[in-house]
Amino acid sequence: MAKDLVEFKNLETHFHTSAGIVKAVDDVSFTIREGETLCVVGESGCGKSVTAMSLMRLVEMPPGRHAGGEILFEGKDLLKLSKREMSRIRGNEIAMIFQEPMSSLNPVLTIGEQITEPLALHLLLDRKAAKKRAIELITLVGIPRAEEIFHSYPHELSGGMRQRIMIAIALSCDPKLLIADEPTTALDVTIQAQILDLMRDIKRKLNTSIMLITHDLGVVAEMADFVVVMYAGKVIEEAPVLEIFKDPQHPYTKGLLKAKPIINEKKERLYSIPGQVPNPVDLGDNCHFHDRCEFCMDICRTKLPPLRVHGDHNHKTACWLYEEEGKAQ
Amino acid sequence: MTSTGITTEGWDYIKDVAKHMFLPTLVLVMLSTGSLTRYFRTGMLEVIRQDYIRTARAKGLKERTVIFKHALRNALLPAITLLGFELPGLFGGAMILEKVFVWPGVGQVYLESINMRDYPFMLGFTIFLAVLTLLGNLISDVLYGVADPRIRLK
């Protein structure tokens, strides 16, 4: 088994708003192993991005606050590092690709300038070496005419190309972990497939771990080794990718899988999970999914289910259905 | 400015002018700083929330580089228009200032020309201000191209 690269331990990231404290990430624990692709899935606002931003320490504070827990990266707690130590890790050992390629690049700086920046900062390359490396990187992500692109500005490139540039920037210092926050959401499907292929290629070549945040189960099936399902700031199920698709345990995961269209299957309407995501301000001490769950029991309304192994040794689920207390009812 | 009867030369002369220049300059500077600062502030706050600032932080850049290299240039764009209008404003705004500080400048002369019904001078000065306005706008247009590659003509 590969070594653990990142370990989230009971991470809690809260936002203090005028409406109350929003527990965007509430007691989240999971590990990313070396060379593994871990997918974090869940609907909008369930805390996927905030988990990743906490890892990068990019959460705006205030209103954000790390209320507890730790994030171990190669044994060091990232939340305790000084700003300087953190900026040495950011972009160097952990790199991130964002959701919106159209606005993630600075419009007034050339592509070349933006790629060479981390090279000069972390690898201490001089201008010439940095340029050479940048052109290599642009070629690596599959953009022809690298020299020309090096001197152009973001507005002259298409969305797919900009996302490739973002990937090139992220890869520039050979990071150990690549965080991709819904990298394909804003792109059309052909480009999506190309970007995913590119990421898989890179992973194979450089043996980088990837933390992929997505709400597209197709992407999960294609990319992931391990899947973490989040709901309302909590991990509700985690398992290897095949397990999740073969034997989903949590009713929410089951619902998600049922809501996915299947090719060659005729259906009037796709299944959708009834109800709405709960308001994150006033989540009580209960299973946050209880009011949308068809198997809801009394205990679900009054007590938080623990995330525990049920069945296979690395398949964990937080649901009363699989606990003794739940079976008794 | 030379006070009547002043005979100093060289360094003393410079010091004398500096002493008399201090207050008028301060007023003139504060006049434009006030409004420009507010524009820069809102511009900066707007830019600092953008995605590319987050990207810059994610690259591990120092906060100083993020602000002065990535944010400032974007925040400057809307302020460039205002800088263009500052040019005629310097002369127009200086009129009252020169009167108050009894500084014998072009604004003072202009006010006197109104009193003396010196029509050619009044018209001339108005045209001068008009030219400055056009020039200021032209300069800001050119600066736009320098600062923002998106509107640069190929």
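Residues numbered from 1 in each chain as written. Chains lettered and ligands numbered in written order. Predicted model: local features only at pLDDT ≥ 70, side-chain atom pairs only at ≥ 80, totals over all residues. Heavy atoms only, no water.

Per an unreviewed UniProt entry, chain B is named ABC-type dipeptide/oligopeptide/nickel transport system permease component, and its organism is Paenibacillus shirakamiensis. As stated in UniProt under Sequence similarities (unreviewed entry), the record for chain B gives "Belongs to the binding-protein-dependent transport system permease family." Listed in UniProt under the heading Subcellular location (unreviewed entry), the comment for chain B reads: "Cell membrane". (UniProt positions renumbered as here; feature names shortened; annotations may be inferred.)

Looking at an unreviewed UniProt entry, one finds chain A named Peptide/nickel transport system ATP-binding protein, with Paenibacillus shirakamiensis as its source organism. What UniProt states about chain A under its Subcellular location (unreviewed entry) heading is, verbatim, "Cell membrane". Of chain A, the UniProt comment under Sequence similarities (unreviewed entry) reads exactly: "Belongs to the ABC transporter superfamily."

(A) Just the domain arrangement of chain A, in detail. Residues and elements named next belong to chain A. With domains assigned, chain A is organised as domain 1 (4–93 + 173–327) and domain 2 (103–172). Computed from C-alpha atoms alone, the centre-to-centre distance between domain 1 and domain 2 is 30 Å. On the side of domain 2, 14 residues touch domain 1, which itself brings 19 residues to the contact. Interface of domain 1 and domain 2: buried area, both sides summed, is about 1300 Å²; carbon and sulfur atoms make up 68% of it. If you look at where domain 1 meets domain 2, you find one salt bridge. The shortest N-O distance in the salt bridge between aspartate 174 and arginine 133 comes to 3.7 Å. At the junction of domain 1 and domain 2, the tally comes to five residue pairs in polar contact (both at pLDDT 80 or more). When contributions to the side of domain 1 that touches domain 2 are tallied by element, the ones reaching two or more residues are helix H2 (83–89) and helix H7 (189–206). Here the residues of the side of domain 1 that touches domain 2 are counted per class, giving eleven nonpolar, four polar and four charged. (Domains from an automatic or database assignment. Contact = heavy atoms within 4.5 Å. Buried area = accessible area lost by both parts, 1.4 Å probe. Salt bridge = Lys/Arg side-chain N within 4 Å of Asp/Glu carboxyl O. Polar contact = N/O pair within 3.5 Å; in protein donor to acceptor, adjacent residues only side chain to side chain. Helix = DSSP H or I, 4+ residues; strand = E, 2+ residues; numbered from the N terminus. Nonpolar A, V, L, I, M, F, W, Y, C, P; charged D, E, K, R; others polar.)

(B) Region of the structure containing the nonpolar core. With 99 residues, the main nonpolar core has A:Phe30, A:Leu55, A:Ile115, A:Ile165 and A:Met211 as its most contacted residues. Residue contributions to this core peak at seven residues, all from helix H6 (residues 159–171) of chain A. Each of domain 1 (4–93 + 173–327) and domain 2 (103–172) of chain A contributes no fewer than three residues to this core. In this structure, B:Met44, B:Ile53, B:Ala71 and B:Ala75 belong to the second largest nonpolar core, which totals nine residues. (Core = buried A, V, L, I, M, F, W, Y, C linked by side-chain atoms within 4.5 Å. Buried < 20%, exposed > 50% of the residue type's maximum accessible area, 1.4 Å probe, protein only.)

(C) Region of the structure containing the interface of chain B and chain A. On the chain A side, the residues contacting the 20 residues of chain B number 27 residues. The junction of chain B with chain A conceals about 2100 Å² of combined surface from both sides, 57% of it contributed by carbon and sulfur atoms. When residues of chain B are sorted by the area they lose upon contact with chain A, B:Arg54, B:Ala58 and B:Lys59 head the list and together hold 27% of the total. On inspection of chain B and its partner chain A, the count reaches four salt bridges. Notably, a salt bridge pairs A:Glu60 with B:Arg57, separated by 4.0 Å at the nearest N-O pair. Residue assignment for the side of chain B that touches chain A shows that the elements contributing at least two residues are helix H2 (51–58) and helix H3 (63–100) of chain B. With six residues, the single largest contributor to the side of chain B that touches chain A is H2(B).

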